[in-house]
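The residues making up each chain are set out below.
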Amino acid sequence: MFKDYFKYYKSRNPPPNNENVIDVPNGASQQVRRLPVQCSIPYNTDRSIFGLKPVNSWEIFELPHIPGLIFIKNPFTSSGQRYWITRCFKDYSRKPNKLNIDVHGVLGEQETWWEVCTRGDQRAAVLIPKLRWATLGYHHNWDTKHYTEDDKIEIPGDVDEMTKAIAKGLGFDNFKAEAAIINFYRMNSTLAGHVDHSEDNLDAPLVSVSFGQSAIFLIGGLKYEDPAHALFVHSGDVLVMSGESRLRYHGVPRIVTAGRTPWDDEQSKEDDVFVNSEDWSKARSFISEARINMNVRRVLKSGQMKLNDHEAGSEIDF
Ligand code: OGA
Ligand code: MN
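The rules behind the values
Residues numbered from 1 in each chain as written. Chains lettered and ligands numbered in written order. Predicted model: local features only at pLDDT ≥ 70, side-chain atom pairs only at ≥ 80, totals over all residues. Heavy atoms only, no water. Phe/Tyr/Trp six-rings, centres within 6.5 Å; stacked < 30°, edge-to-face > 60°. Helix = DSSP H or I, 4+ residues; strand = E, 2+ residues; numbered from the N terminus. Buried < 20%, exposed > 50% of the residue type's maximum accessible area, 1.4 Å probe, protein only. Lys NZ or Arg CZ within 6 Å of the ring centre and 35° of its normal. Core = buried A, V, L, I, M, F, W, Y, C linked by side-chain atoms within 4.5 Å. Near = heavy atom within 4 Å. Polar contact = N/O pair within 3.5 Å; in protein donor to acceptor, adjacent residues only side chain to side chain.

Tell me about the packing of aromatic side chains, and name the residues and values.
For the structure shown, the criterion picks out 14 aromatic pairs. Consider the rings of F76 and F211, whose centres lie 5.0 Å apart with planes at 65 degrees: the pair is edge-to-face. A residue pair is termed long-range when its members are at least 10 positions apart, and F76 in the loop between β3 (69-73) and α2 (78-91) and F211 in strand β8 (residues 206-212) qualify at 135 residues. Overall, F76 belongs to the buried group, its relative accessible area being 2%. Take F211: its relative accessible area is 0%, and that puts it in the buried class. An aromatic cluster is defined as three or more aromatic residues linked by ring pairs; in this entry it consists of F89, W113, W114, F184 and F286. One residue, R132, lies across the ring of Y185, its end atom 4.7 Å from the ring centre. The lysine or arginine in question, R291, covers the ring of Y185, its NZ or CZ lying 4.9 Å from the ring centre.

The following block contains the structure:
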């Protein structure tokens, strides 16, 4: 059962044995299979876009026992990693995005999480670990699990462009970022098992991009009772849940200290994004004890203009 696997990998005492955790691309050959790039993106074959390396250099894998789950081994340049880590900590962690800490009343009207947390004082130390998520686009409602038209803001253009490029490189032409959860994990954080079924469009893939410390990602079956597979997700790795895998149970039972820190690698000639060095030195200190997951979804179906709840009565012709 999913719950048993989750408990096993979450346990501190005794800690789990990770020898069955698939580490792409080094998994046993029957566990992972290299896939060709599905389509080349004309505007992206020889240059980077939003921190992504040219599409023809991506290493794409599938897990044959989990049809539809696609794994791209870190397709980001080192500057791309620094760009997204800084964007998440500095910009997505503020209004008009919604944050878990909004309801805690820990920030003043004019304050931002980044501003307070980069002061390095006692208050910063308390506030840094409190940030757990931000929602962009259609805001995920954690209680009702429903999106509504009156609870959304524009999704940042770079998030849309970057996830669209990933989807396109895998052959999904109609992806659009309409809702995103930016998850911030600390070394002791977990994300309980769940299925993401709030979107009207469950045929569109879900694009999940991670940075910073590593995680054990657990993916089960369509039923909670089904067994689960564990895989390592390292900084820059992309998981795309498409097809049948889109509705599988999944969660994060454990954060693991990263063995490599690709965000510290030297800039390469492919780089197209740059981060102010003062901002980066602050974001770099946050990421040394954190993991970021950008979980990006399409909400509407092709041709659908808005969510149904609010369509009724909106067609009045004066
Ligand atoms: C989610 C999710 C997984 C992760 O936000 O719905 O499943 O790797 N995140 O953090
Ligand atoms: Mn999820």
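Any details on the nonpolar core? Residues and values, ideally.
Ranked by size, the top nonpolar core spans 53 residues in total, and within it F89, W113, I166, I292 and M294 carry the most contacts. With 19 residues, the next largest nonpolar core counts V24, F61, F217 and V252 among its residues.

I'd like a description of the site of ligand 1, backed by residues and values.
In the vicinity of ligand 1, the residues found are N183, Y185, L191, H194, D196, F217, H250, V252, R291, N293, N295 and R297. The contact in question runs from an oxygen atom of ligand 1 to an N or O atom on the side chain of D196, over 3.4 Å. Residue R291 places a side-chain N or O atom 2.9 Å away from an oxygen atom belonging to ligand 1. Among the secondary structure elements, those contributing two or more residues to the shell around ligand 1 are β6 (179-186), β7 (191-194), β12 (250-256) and β13 (290-297). No other element matches β13, which puts four residues into the shell around ligand 1.

From the geometry alone we can't say anything about function, so treat these as descriptive.
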